[in-house]
Amino acid sequence: MNTFKPSLVVLFLLFALLANSCKTGAPVNDGADTMAEKMVARMTLDEKIGQMSQLFDGYFGDYEQFKQAIREGRFGSLLNYLGADKVNEAQRIAVEESRLGIPLLIGRDVIHGYRTIFPIPLGMAASWNPEAVKAAFRIAAAEASTQGINWAFAPMIDITWDPRWGRIAEGCGEDPYLASTLAYAMVEGLQGDSLTDPASVAACAKHYAGYGFAEAGRDYNTTYIAEPVLRNVVLKPFKAAKDAGALTFMSGFNELNGIPVSADQFILKQILRDEWGFEGLVISDWASVPQIVDQGYAVDEKDAAAKAINAGLDMEMATTTYFDNIKTLLDEKKITMEQIDNAVKNILRVKYKLGLFENPYVDPEAEKKILDPSFLEHARMVARQSTVMLKNDSNTLPLFADKISSVAVIGPLADSPRDQMGTWSFDGLPENSVTPLEAIRDMIGDRKVNYVQGLKYSRDRTKDQFSAAMAAADRSDAILLFIGEEWILSGEGQSRGNIDLPGAQSELLTALAATGKPLVVIIMAGRPLAIGDELKESDALLYAWHGGTMAGPALADLIFGKESPSGKLPVTFVKGEGQIPFYYYRKNTGRPASDRTWTPIDEIPVENPQSSLGYESFHLDYGYTPLLPFGYGLSYTTFTYSDLTLSDDEMSITGSITVKATVTNGGEWDADEIVQLYIRDRVGSITRPIKELKGYRRITIPKGETAEVEFTLAAADLAFFNGRETLTEPGEFDLWVGPNSDEGLHAEFIVR
Ligand code: GLC
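Just so it is clear, the structure is predicted and the values come from calculations on it, not from any experiment.

Thresholds applied
Residues numbered from 1 in each chain as written. Predicted model: local features only at pLDDT ≥ 70, side-chain atom pairs only at ≥ 80, totals over all residues. Heavy atoms only, no water. Helix = DSSP H or I, 4+ residues; strand = E, 2+ residues; numbered from the N terminus. Rg over C-alpha atoms; globule rule 2.2 N^0.38 Å. Buried < 20%, exposed > 50% of the residue type's maximum accessible area, 1.4 Å probe, protein only. Contact = heavy atoms within 4.5 Å. Areas by Shrake-Rupley, 256 points an atom, 1.4 Å probe, with all protein chains shown as cover. Lys, Arg positive; Asp, Glu negative; His and termini not counted. Charge placed at Lys NZ, Arg CZ, Asp CG, Glu CD. Near = heavy atom within 4 Å. Polar contact = N/O pair within 3.5 Å; in protein donor to acceptor, adjacent residues only side chain to side chain. Nonpolar A, V, L, I, M, F, W, Y, C, P; charged D, E, K, R; others polar. Pairing = 2+ DSSP bridges. Right-handed = clockwise from strand over helix to strand, strands pointing away. Expected span 1.5 Å × (residues − 1). Core = buried A, V, L, I, M, F, W, Y, C linked by side-chain atoms within 4.5 Å. Domains from an automatic or database assignment. Axes fitted to C-alpha atoms, helices over the stretch in contact; angles between N-to-C directions. Left-handed = near helix turned anticlockwise from the far one by under 90°. Arc of directions from axis to C-beta. Disulfide = S-S within 2.5 Å. Salt bridge = Lys/Arg side-chain N within 4 Å of Asp/Glu carboxyl O. Phe/Tyr/Trp six-rings, centres within 6.5 Å; stacked < 30°, edge-to-face > 60°. pLDDT = per-residue confidence, 0-100. 1 Å grid on protein atoms, 1.4 Å probe; cavity = no way out; pocket = protein on both sides within 12 Å on 5 of 7 lines; lining within 4 Å. Points joined across faces, edges and corners; volume = space filled by probe spheres on them.

Things to note about the overall build of the chain
Part 1 of the reasoning: When you go through the chain residue by residue, the secondary structure sums to 21 helices and 26 strands.
Part 2 of the reasoning: Computed over its C-alpha atoms, the radius of gyration of the chain comes to 27 Å, within 12% of the 27 Å expected for a compact globule of 752 residues.
Part 3 of the reasoning: Projecting the C-alpha coordinates of the chain onto the three principal axes gives extents of approximately 80 × 65 × 65 Å.
Part 4 of the reasoning: Counting only residues that meet the buried cut, the chain has 60% of its 752 residues in that class.
Part 5 of the reasoning: The long-range share in the chain, meaning contacts at least 24 apart out of those at least 6 apart in sequence, stands at 77%.
Part 6 of the reasoning: Surface accessibility of the chain: about 28300 Å² in total, with carbon and sulfur atoms responsible for 51%.
Part 7 of the reasoning: In the chain, which carries 71 positive and 103 negative side-chain charges, the distance between the mean positions of the two groups comes to 2 Å.

Right, here's the structure in full:
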């Protein structure tokens with residue numbers, strides 16, 4: 001018999017094809033479709049409905065009833081059910097004691113680490129280091145999977161322009177390009193090189209889509225997003241997640257342009273399935289299906305279930321409108337069995353691709369890897385690279401341990417192990433956190449540290465520790481003031497109308513500034529705060545977000561000069577809420593403002609005649625620039641940019657050009673610089689942003705040395721959706737290469 005023995009080359013090509021198509025999310029003939037078709041053909045309606053439900057273990061009553069429900073296939077996924085032994089037993093029952101042996105998906109929010117907690121995603125975005133972020137998410141998957149979790153509800157990749165929104169903490173900031181590169185990396189980290197690797201978990205791109213545009217930054221609020229913004233900004237990271245092979249998506253709570261996205265055929269079908277070819281499963285957010293009734297888009301929960309199923313929502317999280325109504329809806333012909341079968345096939349394919357039919361079990365020994373020293377070291381590195389230095393007058397930083405006799409460590413976030421982990425870190429343990437106080441004592445010795453909490457927590461207004469804080473400052477060479485937000489002030493349902501520092505923290509800062517001692521302020525927060533005054537009164541300021549388990553050692557490393565700060569802002573810092581929304585890729589308007597026309601409000605002469613202030617786009621009080629621009633961040637060294645060259649100043653509509661620039665480290669520190677490439681399309685069939693990030697490189701340049709940075713810019717990179725189609729239009733373009741969105745070397749080119 002002529003058996004076909006594929007050569008190694010053929011096998012390699014087959015593997016490469018399979019690996020690549022997994023990556024790009026392109027259809028893969030890995031047997032999943034065949035399995036799903038055959039399995040669905042054997043399933044009863046109850047079993048199908050079960051697969052479409054993600055429930056709690058307690059939903060069915062006691063443990064015996066829970067196990068019986070598994071045997072009957074009453075649900076296909078569990079939420080927040082974890083522990084190797086517990087999950088193994090549930091999987092064993094599902095696989096060995098149910099009629100069809102379909103394993104369970106076990107979902108959990110693993111947003112920025114499981115037990116080793118990394119900086120909040122907004123902080124990780126400030127590292128501009130996709131490889132480091134990918135490794136962080138790989139560690140998160142490795143730890144979470146030891147508990148039986150095979151599905152992480154991450155990455156959260158909602159773009160937002162509003163720092164009042166509590167969930168800005170969970171996302172990757174305001175820019176679609178940066179967010180897309182990080183979304184891709186996060187999915188790769190969670191799903192690994194092999195989906196069937198026991199340490200891999202399914203990713204879940206969320207919250208699809210537009211949730212971050214909640215009006216007034218108030219969580220769960222209405223969103224209205226014009227299609228050009230939807231496609232040119234909001235959807236970009238989701239497309240990147242899909243291209244990275246994300247197995248699942250989660251629909252959001254929000255209504256988008258009048259339609260709840262959990263019931264929106266345009267979002268769930270036309271874009272995700274028809275345009276992008278997504279083949280995974282879409283799960284609702286927590287009770288986002290019954291909430292369609294509250295949104296006034298369904299008359300009752302049965303109607304809500306029908307609208308969600310007709311829109312292509314495959315699985316319902318936590319609530320039971322599917323469970324309770326699908327049979328009736330089929331009888332009433334409000335939905336079809338084909339829709340049910342498609343949803344179940346999407347779900348079965350995910351389980352198949354994860355290898356759960358082959359092996360749904362967890363090695364109980366695996367959990368020994370949790371908090372592995374290498375994981376903690378990576379968390380420390382990511383926390384360092386996520387920290388952004390916003391000010392360093394007279395080189396206040398770094399402090400040199402051998403040159404100082406003592407430092408005053410003050411503030412409610414200096415020794416708050418829970419707060420430094422930030423939101424969505426419920427599997428992190430405060431006892432694993434190393435706080436800044438602990439790390440500083442460890443680095444320079446207890447003797448040199450004068451610690452006063454100053455305030456009990458970030459919202460505290462009691463000033464009875466102020467005098468002790470002042471006294472500590474007086475007997476120290478420098479002050480390290482750790483302030484910011486408690487973790488509970490950002491995250492889901494935790495939006496703030498006011499984004500100042502809470503409590504009496506600013507007053508504490510002012511009091512300490514009055515001592516005249518070098519004042520180093522470290523802000524740990526879940527959002528960009530309005531810190532204009534604090535910035536003025538500080539000698540140096542580090543923005544550390546909520547830096548995770550190893551925030552303390554990371555900050556000690558930076559403060560005492562083990563490494564230079566290198567983070568850059570992934571979000572614009574506004575002067576106050578009145579400027580919101582403010583994002584760097586804004587439009588020029590017909591009346592772009594300048595200092596020529598803007599008169600600061602306090603300099604307006606009394607009884608000034610009406611027409612004298614200049615009719616341009618500014619606020620009398622805030623002006624027209626933010627407090628700090630997107631991409632901004634300082635270093636202990638100085639980087640200068642030179643020799644910007646383009647391979648050509650023209651490119652065809654299908655061509656590309658090579659962009660080069662030289663960056664010189666002129667200081668005394670080896671350090672990383674994040675070089676950014678921006679463009680401007682001067683004229684379009686719709687108005688175009690004044691700048692758009694199209695590339696970046698984090699490069700290490702030894703002190704005194706020079707590096708050349710190279711980008712390839714293709715015409716396709718300039719494409720945008722103009723309300724009718726996505727295209728690159730010929731015309732004149734500006735280009736910048738520089739250290740942030742406000743400055744850089746400039747060049748021009750033409751697309752013909
Ligand atoms: C929450 C969040 C979502 C999370 C889910 C499960 O309400 O919106 O991000 O994954 O419920 O906890």
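Section: the site of the ligand
Part 1 of the reasoning: Near the ligand you find Asp109, Phe153, Arg167, Lys206, His207, Met250, Phe253, Asp285, Trp286, Met317, Trp424 and Glu492, and these make up its full shell.
Part 2 of the reasoning: Contacts to the ligand include Asp109, whose side-chain N or O atom sits 2.4 Å from an oxygen atom.
Part 3 of the reasoning: For the ligand, the protein covers 95% of the area, taking 310 Å² as the surface of the free molecule.
Part 4 of the reasoning: Here the residues of the shell around the ligand are counted per class, giving six nonpolar, one polar and five charged.

A few points about the pairing of strand 3 (residues 105–108)
Part 1 of the reasoning: Burial along strand 3 is two-sided: the residues Leu105 and Gly107 and Ile106 and Arg108 are all buried.
Part 2 of the reasoning: By the bridge criterion, three bridges tie strand 2 (residues 77–79) to strand 3 in an arrangement that is parallel. Within strand 3, the position partnered with Ser77 by the bridge is Leu105.
Part 3 of the reasoning: In the classification by handedness, the crossover that spans strand 2, the intervening helix 5 (residues 84–97) and the parallel strand 3 is right-handed.
Part 4 of the reasoning: Summarising the sheet, strand 3 and strand 4 (residues 151–152) pair through two bridges and their orientation is parallel. When the bridges of strand 4 are listed, Gly107 appears paired with Trp151.

Description of helix 15 (residues 337–353)
Part 1 of the reasoning: Helix length check: helix 15, at 17 residues, gives a terminal C-alpha distance of 24 Å against a target of 24 Å (1.5 Å per residue), a fit within 8%.
Part 2 of the reasoning: Extensive coverage of helix 15 is indicated by the burial of 13 of its 17 residues.
Part 3 of the reasoning: At the exit of helix 15 stands Gly355, carrying a positive phi of roughly 80 degrees.

So, the nonpolar core
Part 1 of the reasoning: With 132 residues, the main nonpolar core has Tyr208 and Phe249 as its most contacted residues.
Part 2 of the reasoning: When residues of this core are sorted by domain, at least three fall in each of domain 1 (8–40 + 107–354) and domain 4 (639–751).
Part 3 of the reasoning: With residues up to four places along the chain from it excluded, the contact list for Tyr208 reads Leu235, Phe238, Phe249, Met250, Ser251, Gly252, Val261, Ile267, Leu268, Ile271, Leu272 and Trp276.

Let's talk about the packing of helix 7 (residues 130–145) against helix 8 (residues 176–191)
Part 1 of the reasoning: The N-to-C vectors of helix 7 and helix 8 enclose an angle of 35 degrees; their axes lie 7 Å apart at closest approach. Helix-helix and strand crossings are classified by hand; for helix 7 and helix 8 the assignment is right-handed. Contact residues: Pro130, Val133, Lys134, Phe137, Arg138 and Ala141 in helix 7; Thr181, Leu182, Ala185, Met186, Glu188, Gly189, Leu190 and Gln191 in helix 8.
Part 2 of the reasoning: Residues that form the contact of helix 7 with helix 8 fall into these classes: eight nonpolar, three polar and three charged.

Quick look at helix 17 (residues 436–444)
Part 1 of the reasoning: If you check which residues of helix 17 are buried, you get Pro436, Leu437, Ala439, Ile440 and Ile444. Taken end-on, helix 17 shows its buried residues confined to a sector of 165 degrees, consistent with a single buried face.
Part 2 of the reasoning: Looking at the buried residues of helix 17, the elements they touch are strand 12 (407–410), strand 13 (449–452), strand 14 (478–484), strand 15 (519–524) and helix 21 (551–559).
Part 3 of the reasoning: Looking one or two residues past helix 17, Gly445 carries a phi angle of roughly 95 degrees, positive in sign.

Thoughts on the state of the cysteines
Part 1 of the reasoning: Taken as a whole and judged by the stated rule, the model has zero disulfides.
Part 2 of the reasoning: Take Cys172: it sits in no disulfide, and the sulfur closest to it among the cysteines is that of Cys204, at 14 Å.
Part 3 of the reasoning: According to the relative accessible area criterion, Cys172 is buried, its value standing at 1%.

Description of the pattern of salt bridges
Part 1 of the reasoning: In this structure the tally under the stated criterion is 46 salt bridges.
Part 2 of the reasoning: Here Asp33 ties to Arg349 by a salt bridge, and the two come within 3.6 Å at their closest N and O atoms. Placement of the pair is Asp33 in helix 2 (residues 32–42) and Arg349 in helix 15, with a sequence separation of 316 residues.
Part 3 of the reasoning: Take Asp33: its relative accessible area is 36%, and that puts it in the partly exposed class.

Describing the packing of aromatic side chains
Part 1 of the reasoning: Tallied over the full model, the rule gives 35 aromatic pairs.
Part 2 of the reasoning: Relative to Phe323, the ring of Tyr59 lies with its centre 6.0 Å away and its plane at 85 degrees, an arrangement referred to as edge-to-face. Placement of the pair is Tyr59 in the loop between strand 1 (53–55) and helix 4 (63–71) and Phe323 in helix 14 (residues 321–331), with a sequence separation of 264 residues.
Part 3 of the reasoning: Judged by relative accessible area, Phe323 falls into the buried class, the value being 19%.
Part 4 of the reasoning: Pairing Tyr220 with Phe253 gives two aromatic rings, centres 5.2 Å apart and planes at 80 degrees, and the pair type is edge-to-face.

Some remarks on the confidence of the model for the chain
Part 1 of the reasoning: Per-residue confidence for the chain gives a mean pLDDT of 95, with 96% of residues at or over 70.
Part 2 of the reasoning: Note on residues 12–26: pLDDT under 50 across the span, and 21 contacts to partners over four residues away in sequence or across chains.

Side note on empty space enclosed by the protein
Part 1 of the reasoning: Considering all chains together, one arrives at one cavity of 30 Å³ or more under this definition.
Part 2 of the reasoning: Taken as a whole, the largest cavity holds about 40 Å³ of empty space.
Part 3 of the reasoning: Lining the largest cavity we find Thr160, Trp161, Asp162, Pro163, Ile168, Glu174, Pro528, Val571, Thr572 and Phe582.
Part 4 of the reasoning: Of the residues in the lining of the largest cavity, the class split is six nonpolar, two polar and two charged.

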